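# Observations on chain architecture
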Amino acid sequence: MTFILIFLTAVVSVVCFGNRRWFDSLAMIPYRVAHDRQWYRAVTYGFVHADYMHLIVNMFVLLSFGQYLERLFRAYEHAGTIASGYLAYGLLYFGGLIASVASDMARHRNDPRYVSIGASGAVSAVVFASIFFNPWSKIYFFGILPIPGILFGALYVGYEQYLSQRGGDNVNHNAHLWGALYGFVFPLLLEPSLWHAFIRNLTQF
């Protein structure tokens, strides 16, 4: 499923680079959601990106963590812990897209100029679900410094919170934060007993 998501996101994003009408029709514009009931935007915005760098970074991170989660969910499916690994992964990714912009849809519902795009919220959900299952795995902070996932998660949340409050960079840091939160709690929504897996892995250095 990770490869399918990357392929579809790449195709839609590249098309939208050269087609403003498609861009405007797929982007998250809370005003359109609230006043025109265009609820589909809560998902389609994740397939649109600002430029190639935005697209490549998101898809590289998704590739890096998504395959691990797919294998893990399939293992839990075979063990009888969850009903379907593919369903779990889909709920994580698409739920992350929706959760990432839920607050935006409420706060900016009367602002026709507000626009949000990109899969960053869903990708954050995938990364933080990975941290839940493997808190001591090494993640490269800023792509350079390898640190344990659980520490990376704490630093990431603090950094995104700071940037969100500072503002002015045209990046939806709130989407990153809500996506990360959703991804971390998602395993418990999927199967509450997975809490024991988190504690066990957290205490095994």
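All figures in this text were calculated on a predicted structure; none of them were measured in a lab. (Residues numbered from 1 in each chain as written. Predicted model: local features only at pLDDT ≥ 70, side-chain atom pairs only at ≥ 80, totals over all residues. Heavy atoms only, no water.)

### Some details on unusual backbone geometry
- Phi angles above zero are rare outside glycine, and R37 is one such case at about 55°.
- Within the element layout of this structure, R37 appears in the loop between α3 (30-36) and α4 (41-44). (Helix = DSSP H or I, 4+ residues; strand = E, 2+ residues; numbered from the N terminus.)

### Regarding the pattern of salt bridges
- For the coordinates displayed, the defined rule picks out five salt bridges.
- D36 is the partner of R32 in a salt bridge, and the nearest nitrogen-oxygen pair spans 2.9 Å. Here D36 and R32 lie together in helix α3, a separation of four residues that amounts to about one turn.
- For D36, a relative accessible area of 37% translates into the label partly exposed.
- R107 is the salt-bridge partner of D104, the closest N and O atoms lying 3.1 Å from each other. Residue D104 and its partner R107 are both found in helix α6 (residues 85-107); the two are separated by three residues, about one turn of the helix.
- You can call D104 buried: its relative accessible area is 0%. (Salt bridge = Lys/Arg side-chain N within 4 Å of Asp/Glu carboxyl O. Buried < 20%, exposed > 50% of the residue type's maximum accessible area, 1.4 Å probe, protein only.)

### Side note on the UniProt feature "transmembrane region" (unreviewed entry) in the chain
- Under the present numbering, the feature "transmembrane region" (unreviewed entry) in UniProt falls on residues 42-65, 86-102, 114-133, 140-159 and 179-199.
- Strand forms 0% of residues 86-102 and helix 100%; the C-alpha atoms that close the span are 24 Å apart.
- Between the end C-alpha atoms of residues 114-133 there is a gap of 35 Å, over a span that is 70% helix and 0% strand. (UniProt positions renumbered as here; feature names shortened; annotations may be inferred.)

### Points about the environment of T44
- Counting through the fold element by element, T44 comes out in helix α4.
- Taking relative accessible area as the criterion, T44 reaches 18% and is therefore assigned buried.
- Taking the C-alpha atoms as reference points, T44 and T81, separated by 37 residues in sequence, lie 31 Å from one another.
- A polar contact is formed between the side chain of T44 and the backbone oxygen of L26, at a distance of 2.7 Å. (Polar contact = N/O pair within 3.5 Å; in protein donor to acceptor, adjacent residues only side chain to side chain.)

### Concerning the side chain of T2
- Tracing the backbone shows T2 in helix α1 (residues 2-17).
- Contact partners of T2, with chain neighbours within four places excluded, come to L62, L63, G66, Q67, E70 and Y89. (Contact = heavy atoms within 4.5 Å.)

### Quick look at the nonpolar core
- Counting residues in hydrophobic clusters, the biggest one holds 44 residues, and the most contacted among them are L62, L69, F73, L92, Y93, V127 and F133.
- Looking at this core, the elements that each hand over two or more residues are α1, α5 (52-79), α6, α7 (120-133), α8 (149-166), α9 (173-190) and α10 (195-202).
- In terms of residue count, the dominant contributor to this core is α7 (10 residues).
- Discounting chain neighbours no more than four positions away, the residues touching V127 are V61, F65, I139 and F152.
- Within the second largest apolar cluster, six residues are counted, among which are F23, L26, I29 and V48. (Core = buried A, V, L, I, M, F, W, Y, C linked by side-chain atoms within 4.5 Å.)

### Observations concerning the layout of surface pockets
- Considered as a void within the structure, the second largest pocket measures approximately 580 Å³ in volume.
- In terms of lining, the second largest pocket is formed by 25 residues, of which the most central are Y114, N170, V171, N172 and H173.
- Of all the secondary structure elements, the ones that give two or more residues to the lining of the second largest pocket are α7, α8 and α9.
- Of the residues forming the lining of the second largest pocket, the biggest block, four residues, is contributed by α9.
- Across the lining of the second largest pocket, the residue classes break down as nine nonpolar, 14 polar and two charged. (1 Å grid on protein atoms, 1.4 Å probe; cavity = no way out; pocket = protein on both sides within 12 Å on 5 of 7 lines; lining within 4 Å. Points joined across faces, edges and corners; volume = space filled by probe spheres on them. Nonpolar A, V, L, I, M, F, W, Y, C, P; charged D, E, K, R; others polar.)

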